Amino acid sequence: MEPVTYPRFLISLAEEAHARLLANYLQSQQIQIEMRRGEAPYPYHLFIVYPEQWQQASSITEAFIANPMDKRFQEASWLAEKPLSKPISWRINPNSWMQTVKAYPVVTGLLFSCVLIFLSLFTIGASVYNLFQFQPIEQVTISGEWWRLWTPALLHFSVLHIVFNLLWWWILGKVLEQRFGHFFIVMFFLVTAISSNYAQFLDGGANFGGLSGVVYALFGFVWWVGWLKPEWGMGLPKPLVGFMLIWLVLGYADALWVNMANSAHSVGLLSGCFIALILCKWDWGIRVRD
């Protein structure tokens, strides 16, 4: 039998969020670890540095696998301040990027579409906006331009606007595409984009754009799934939920430095919660992937 060397491998995980959740808690228990990045489908590897901490780390890892949404793990994630002893390497690997695109074609495809449209607004000009601007159902039935019901979600008008929306689309959208499949995330986007767009149109006309209605739907969906089906291993930390709800209230109070699409945000949030409720309460034949 070969002797065990340290750092000693502990576990491999598919999602960085899960790996950091466990890593933060282990560090909060004074367990020294390293995180390394490898190849898909389980690219995030955790290693124990000191032999005397192996047994405790193994027990914690077993508890994490059984219930990753346990309160102690969530709280440790938000209280963590010390960096990992060996940060993940973020060197660009073309093969890794291709694997990501293959694993999440819907999320990456929409992300790149938003970026290309954003850049074209500043190169081609207003014609791009006119092509994707919202039109109500009575107009699109005549024009046949049905894409206008959902394409305003692809329009962004500032760097901060697009970065904020695409960051959360990437983080939360990947969770849905991985757990529920490509068709589900496509239908989720269409339903929440159309409903939030229509609400914003009824509230203030057709001059709007942005993915934030869908982003709020993602927040609502993951939040309620974590509440209704904790065994699925999804959920949001309470401070993040509180922040998004406060942000929504500040938008209605007109206390922010930007014009907020409040109706799109509210209807997006409600539509995401409603989809989660339907999915969790009734069996629609949707398989949750590990």
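Residues numbered from 1 in each chain as written. Predicted model: local features only at pLDDT ≥ 70, side-chain atom pairs only at ≥ 80, totals over all residues. Heavy atoms only, no water.

Draft legend 1. Broad picture of the sheet that holds strand 2 (residues 33-37). Ordered by their spatial adjacency, three strands build an open sheet running 1-3-2, and the pairing between neighbours is antiparallel. Bordering the open sheet on either side are strand 1 (8-13) and strand 2, each of which pairs with just one other strand. Geometrically, the sheet is characterised by an average inter-axis angle of 25 degrees between neighbouring strands, direction not taken into account. Relative to the sheet, helix 2 (residues 54-66) contacts strand 1 and strand 3 (44-48), its axis offset from that of strand 1 by approximately 10 degrees. (Pairing = 2+ DSSP bridges. Helix = DSSP H or I, 4+ residues; strand = E, 2+ residues; numbered from the N terminus. Axes fitted to C-alpha atoms, helices over the stretch in contact; angles between N-to-C directions. Contact = heavy atoms within 4.5 Å.)

Draft legend 2. Layout of the pairing of strand 2. Pairing analysis gives five bridges linking strand 2 to strand 3, with the strands arranged antiparallel. Residue pairing for strand 3: Glu34 is matched across the bridge by Phe47. Linking strand 2 back to strand 3 in an antiparallel pair, the connection comprises six residues.

Draft legend 3. Molecular detail of the packing of helix 8 (residues 159-180) against helix 10 (residues 212-228). The interhelical angle for the contact between helix 8 and helix 10, taken along N-to-C directions, is 50 degrees, at an axis separation of 10 Å. One way to sum up the angle between helix 8 and helix 10 is to call them oblique. Considering how the two elements wind past one another, helix 8 and helix 10 form a crossing that is left-handed. In contact with Asn165, Trp168, Trp169, Leu172, Gly173, Leu176 and Phe180 of helix 8, helix 10 contributes Ser212, Val214, Val215, Leu218, Phe219, Phe221 and Val222. The class makeup of the residues in the contact of helix 8 with helix 10 is 11 nonpolar, three polar and no charged. (Parallel < 35°, antiparallel > 145°, perpendicular 65-115°, else oblique. Left-handed = near helix turned anticlockwise from the far one by under 90°. Nonpolar A, V, L, I, M, F, W, Y, C, P; charged D, E, K, R; others polar.)

Draft legend 4. Inspection of unusual backbone geometry at higher detail. With phi around 65 degrees, Gln30 is a residue other than glycine that occupies positive phi space. Tracing the sequence through the fold places Gln30 in the loop between helix 1 (16-28) and strand 2.

Draft legend 5. Focus on the packing of aromatic side chains. According to the stated counting rule, one finds 17 aromatic pairs in the structure shown. Judged by centre distance (5.7 Å) and plane angle (70 degrees), the rings of Phe9 and Phe47 are edge-to-face. Residue Phe9 is found in strand 1, and its partner Phe47 is found in strand 3; the two are separated by 38 residues along the sequence. Taking the relative accessible area as the measure of exposure, Phe47 reaches 12% and is therefore buried. (Phe/Tyr/Trp six-rings, centres within 6.5 Å; stacked < 30°, edge-to-face > 60°. Buried < 20%, exposed > 50% of the residue type's maximum accessible area, 1.4 Å probe, protein only.)

Draft legend 6. Structural context of a nonpolar patch on the surface. A cluster of nonpolar side chains, contributed by Phe183, Val186, Met187 and Val191, occupies part of the molecular surface with about 360 Å² of accessible area. Examined against the element boundaries, Phe183 turns out to sit in helix 9 (residues 182-204). (Patch = residues over 30% accessible without salt bridge, like charges linked within 9 Å, V, L, I, M, F, W, Y side chains within 5 Å. Areas by Shrake-Rupley, 256 points an atom, 1.4 Å probe, with all protein chains shown as cover. Salt bridge = Lys/Arg side-chain N within 4 Å of Asp/Glu carboxyl O.)

Draft legend 7. Representation of helix 2. With 13 residues, helix 2 ought to run about 18 Å at 1.5 Å a step, and its terminal C-alpha atoms sit 19 Å apart, in line with that. The set of residues buried in helix 2 consists of Trp54, Ala57, Ser58, Ile60, Thr61 and Phe64. In a view along the axis of helix 2, the buried residues occupy a sector of 165 degrees, so they form one face of it. Exposed side chains of helix 2 directed beyond 90 degrees from the buried face belong to Gln55, Glu62 and Ala66. (Expected span 1.5 Å × (residues − 1). Arc of directions from axis to C-beta.)

Draft legend 8. Main features of the environment of His161. For His161, the location among the structural elements is in helix 8. Taking the C-alpha atoms as reference, His161 lies 9.0 Å from Leu211; in sequence the two are 50 residues apart. Beyond its immediate chain neighbours, meaning those up to four positions away, His161 contacts Leu155, His156, Gly209 and Gly210. For His161, the side chain forms a polar contact with the main-chain nitrogen of Phe157, separated by 3.3 Å. (Polar contact = N/O pair within 3.5 Å; in protein donor to acceptor, adjacent residues only side chain to side chain.)

Draft legend 9. Representation of the nonpolar core in the model. Core analysis: the largest hydrophobic core is formed by 51 residues, its most contacted members being Trp169, Leu176, Phe189, Leu211 and Phe221. Put simply, the parts of the chain that give this core at least two residues each are helix 5 (105-121), helix 6 (126-132), helix 8, helix 9, helix 10, helix 11 (238-252) and helix 12 (262-281). With nine residues, helix 10 is the largest single contributor of residues to this core. When residues no more than four places from it in sequence are discounted, the contact partners of Leu211 are Leu110, Ala153, His156, Asn165, Leu166, Trp169 and Phe189. With 20 residues, the next largest nonpolar core counts Ala23, Met35, Leu46 and Phe64 among its residues. (Core = buried A, V, L, I, M, F, W, Y, C linked by side-chain atoms within 4.5 Å.)

Draft legend 10. Quick peek at the packing of helix 1 against helix 2. Their axes nearest at 11 Å, the elements helix 1 and helix 2 cross at an angle of 140 degrees. What the angle tells us is that helix 1 and helix 2 run oblique. With respect to the hand of their crossing, helix 1 and helix 2 are arranged in right-handed fashion. Along the contact surface, helix 1 presents His18, Leu21, Leu22, Tyr25 and Leu26, while helix 2 presents Ala57, Ile60, Thr61 and Phe64.

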